[in-house]
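# Observations on the three-dimensional arrangement
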Amino acid sequence: SQQGEEDPQALSIQEGENATMNCSYKTSINNLQWYRQNSGRGLVHLILIRSNEREKHSGRLRVTLDTSKKSSSLLITASRAADTASYFCATVPYAGGTSYGKLTFGQGTILTVHP
Amino acid sequence: GAGVSQSPRYKVAKRGQDVALRCDPISGHVSLFWYQQALGQGPEFLTYFQNEAQLDKSGLPSDRFFAERPEGSVSTLKIQRTQQEDSAVYLCASTIYGTNSLSGKLFFGSGTQLSVL
């Protein structure tokens, strides 16, 4: 079963604009990760934020995490046509001292960046 | 190899046929996962190996699905008597981390697209 719900399901923007995608989840987590998937390809890890972190940056990516609302957002600044892809959030559940990193994915946001 | 390798890239099977999907993880990676991704959906967990031990198979949809990793490296996902609802992309992922370690990112292969006619 899917852990998260992502919003919006699809997003279409012009190059240079910012893109924001949201993810909500249901259970307590160890960490939350964002992945990107180009059409017909596997998933590529973008960024990981732990449950005790509130914000993280990596290049043009900014991720926030609000554990009280069980939600996260991914912001891509100054988007490029090459950013066109599907973006998925994935959570690793909190399991006390034992975790093997099993990911539960959301349904994804399809981002289209027009040149 | 440099990344996770899956073969075949595409597989077409007639309903009722058995199929075997192969995954070569990154060398030295302890953990190996199989995921199933239906069209337009996020990946769904199937099973997990730590070395050769299958520690979690809770996501396997039926007893027609079987996975193994006998020497703790290459893994095979076998589907017996395929059905149309088995049509999906099957993704393999690996990580150097094992149990009781800090959970980190997974490295995914490009997947095997299975079409059952």
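Residues numbered from 1 in each chain as written. Chains lettered and ligands numbered in written order. Predicted model: local features only at pLDDT ≥ 70, side-chain atom pairs only at ≥ 80, totals over all residues. Heavy atoms only, no water.

## Topic: the nonpolar core
So the rule is basically this: In this description, a nonpolar core means a group of buried Ala, Val, Leu, Ile, Met, Phe, Trp, Tyr and Cys residues linked to one another through side-chain atoms lying within 4.5 Å. Any residue under 20% of the maximum accessible area for its type is buried, any over 50% is exposed, and the rest in between are partly exposed; the area is computed with a 1.4 Å probe on protein chains only. Counting from the N terminus, the helices are the DSSP runs of H or I reaching at least four residues and the strands are the DSSP runs of E reaching at least two. The contact criterion used throughout is that any non-hydrogen atoms of two residues lie within 4.5 Å.
Counting 21 residues, the largest nonpolar core has Met21, Leu32, Trp34, Leu74, Ile76, Tyr87 and Leu111 of chain A as its most contacted members. Listed by contribution, the elements that provide at least two residues to this core are strand E2 (10-14), strand E3 (19-24), strand E4 (29-37), strand E5 (43-50), strand E7 (61-66), strand E8 (71-76), strand E9 (85-93) and strand E11 (109-114) of chain A. Excluding its chain neighbours within four sequence positions, the residues that come into contact with Leu74 of chain A are Ala19, Thr20, Met21, Trp34, Leu46, Leu61, Arg62, Val63 and Tyr87 of chain A. Residues Val4, Ala13, Cys23 and Ala67 of chain B belong to the second largest nonpolar core, which totals 20 residues.

## Notes on the sheet that holds E3 of chain A
In a beta sheet, neighbouring strands are held together by backbone hydrogen bonds and run either parallel or antiparallel to one another. Residue and element names in this part refer to chain A. Basically, it comes down to this: Any two strands between which DSSP finds at least two bridges are classified as paired. To obtain each axis, a line is fitted to C-alpha atoms, and for helices this fit is confined to the stretch in contact; angles are then taken between N-to-C directions over 0 to 180 degrees.
One open sheet accounts for five strands, arranged E1-E3-E8-E7-E6; its pairing is antiparallel. Looking along the sheet, the strands with just one partner apiece sit at the ends: strand E1 (5-7) and strand E6 (55-58). Geometrically, the sheet is characterised by an average inter-axis angle of 15° between neighbouring strands, direction not taken into account. In this sheet, E7 lies alongside E6 in antiparallel orientation, the contact comprising four bridges. Bridged to Lys56 within E7 is Val63.

## Overview of the state of the cysteines
Condition: In plain terms, two cysteine sulfur atoms within 2.5 Å form what is called a disulfide here.
Counted under the stated rule, the structure contains two disulfides over all chains. Disulfide pairing places Cys23 of chain A opposite Cys89 of chain A at an S-S distance of 2.0 Å. One quick way to see it: the torsion about the S-S bond of Cys23 of chain A and Cys89 of chain A is about 65°, and its sign makes the bridge right-handed. Of the two residues, Cys23 of chain A is situated in strand E3 and Cys89 of chain A in strand E9; the sequence distance between them amounts to 66 residues. Across the pair, exposure class does not vary: Cys23 of chain A and Cys89 of chain A are buried alike. Sulfur-sulfur distance for the disulfide between Cys23 of chain B and Cys92 of chain B comes to 1.9 Å. Handedness of the Cys23 of chain B-Cys92 of chain B disulfide follows from its S-S torsion of about -65°: it is left-handed. Remark: Cys92 of chain B occurs in strand E9 (residues 88-95) and Cys23 of chain B occurs in strand E3 (residues 19-24); sequence separation between them is 69 residues. Assessed through its relative accessible area of 0%, Cys23 of chain B is described here as buried.

## With respect to the pairing of strand E11 (residues 112-116) of chain B
All names here are of chain B. The side-chain alternation of E11 yields one buried face, formed by Thr112, Leu114 and Val116, and one unburied face, formed by Gln113 and Ser115. Where strand E2 (residues 10-13) and E11 come together, four bridges link them in parallel fashion. If you follow Lys11 over to E11, its bridge partner there is Leu114. Examined bridge by bridge, E9 and E11 share three bridges and lie antiparallel to one another. Note that in E11 the partner of Tyr90 across the bridge is Thr112.

## Some words on the sheet that holds strand E7 (residues 65-68) of chain B
Residues and elements named next belong to chain B. Pairing is antiparallel in the open sheet, where four strands are placed in the order E1-E3-E8-E7. If you trace the sheet from one side to the other, it starts and ends with strand E1 (5-7) and E7, each paired once. Going from strand to strand, the sheet's axes swing by 15° on average, the running direction of each strand aside. Taken together, the three bridges between E1 and E3 define a ladder with antiparallel strand orientation. Bridged to Ser7 within E3 is Arg22.

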